[in-house]
Amino acid sequence: MDSRVYICAPKEYMNKLNEMGEWDHGLFIKRLNPYVTKDVLESHFEKWGTVLFCDVKTECTSGFPRGLGYVCFCSEEEADVAEAAGPHKLGGMEAFVRRVVSPKTTDNTAYTPQRRTGMAYRLASSSWLDSE
């Protein structure tokens, strides 16, 4: 699960959001072809501006793509131009693109949860292990 929060708001509210803090401006993409990779996503959207980073969401158990992606641009204007350039066809399929903002982070990496394997028990008292 990604720890990044995506906010989709009408353009008239963007000025108010910008007053509240620093934001990453980007596009949230739905209905992605399962064969679209981060590299394909980045090369498609770099036509409209500088792509800081992009991500293709995958299922945590199988690693199979979920059909969702995120592209972060250097500026608000670049994200607006990229959204207006739609409809976007990626991997032969038309993708649904939505303009979003996200709180600015310092590392620009997605949160990767640690998978826990096996079962663990917490014992209140282990004295029963000593008796035979």
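See the structure above.
Throughout what follows, the structure given in this document is the object of discussion.

What counts and how
Residues numbered from 1 in each chain as written. Predicted model: local features only at pLDDT ≥ 70, side-chain atom pairs only at ≥ 80, totals over all residues. Heavy atoms only, no water. Core = buried A, V, L, I, M, F, W, Y, C linked by side-chain atoms within 4.5 Å. Buried < 20%, exposed > 50% of the residue type's maximum accessible area, 1.4 Å probe, protein only. Helix = DSSP H or I, 4+ residues; strand = E, 2+ residues; numbered from the N terminus. Phe/Tyr/Trp six-rings, centres within 6.5 Å; stacked < 30°, edge-to-face > 60°. Salt bridge = Lys/Arg side-chain N within 4 Å of Asp/Glu carboxyl O.

Glancing now at the nonpolar core. In this structure, Leu27, Ile29, Leu41, Phe45, Val71, Phe73 and Leu90 are the most contacted members of the largest nonpolar core, which totals 16 residues. Elements with a minimum of two residues in this core: strand E1 (23–30), helix H2 (38–45), strand E2 (51–58), strand E3 (65–73), helix H3 (76–84) and strand E5 (93–103). The element contributing the most residues to this core is E2, with three residues. Listed in part, the six residues of the second largest apolar core include Phe28, Tyr70, Cys72 and Val100.

This part takes up the packing of aromatic side chains. For the structure shown, the criterion picks out five aromatic pairs. With 5.2 Å between their ring centres and 50° between their planes, Tyr6 and Phe28 make a pair best called tilted. In this pair, Tyr6 is assigned in the segment before helix H1 (14–20) and Phe28 in strand E1, connecting sequence segments 22 residues apart. We classify Tyr6 as partly exposed; its relative accessible area is 24%.

Even without being a glycine, Arg31 presents a positive backbone phi close to 60°. Here Arg31 is to be found in the loop between E1 and H2.

It is worth spelling out the pattern of salt bridges at this point. Tallied over the full model, the rule gives six salt bridges. We note a salt bridge from Asp24 to Lys104, for which the minimum N-O separation is 3.0 Å. Taken together, the residues Asp24 in strand E1 and Lys104 in the segment after E5 connect sequence positions 80 residues apart. Judged by its relative accessible area of 42%, Lys104 is partly exposed. Here Lys57 and Asp55 are joined by a salt bridge, their closest N and O atoms 2.9 Å apart. Per residue, the accessibility class of Lys57 equals that of Asp55, and both read buried. Sharing partners across several salt bridges, the network here consists of Lys38, Asp55 and Lys57.

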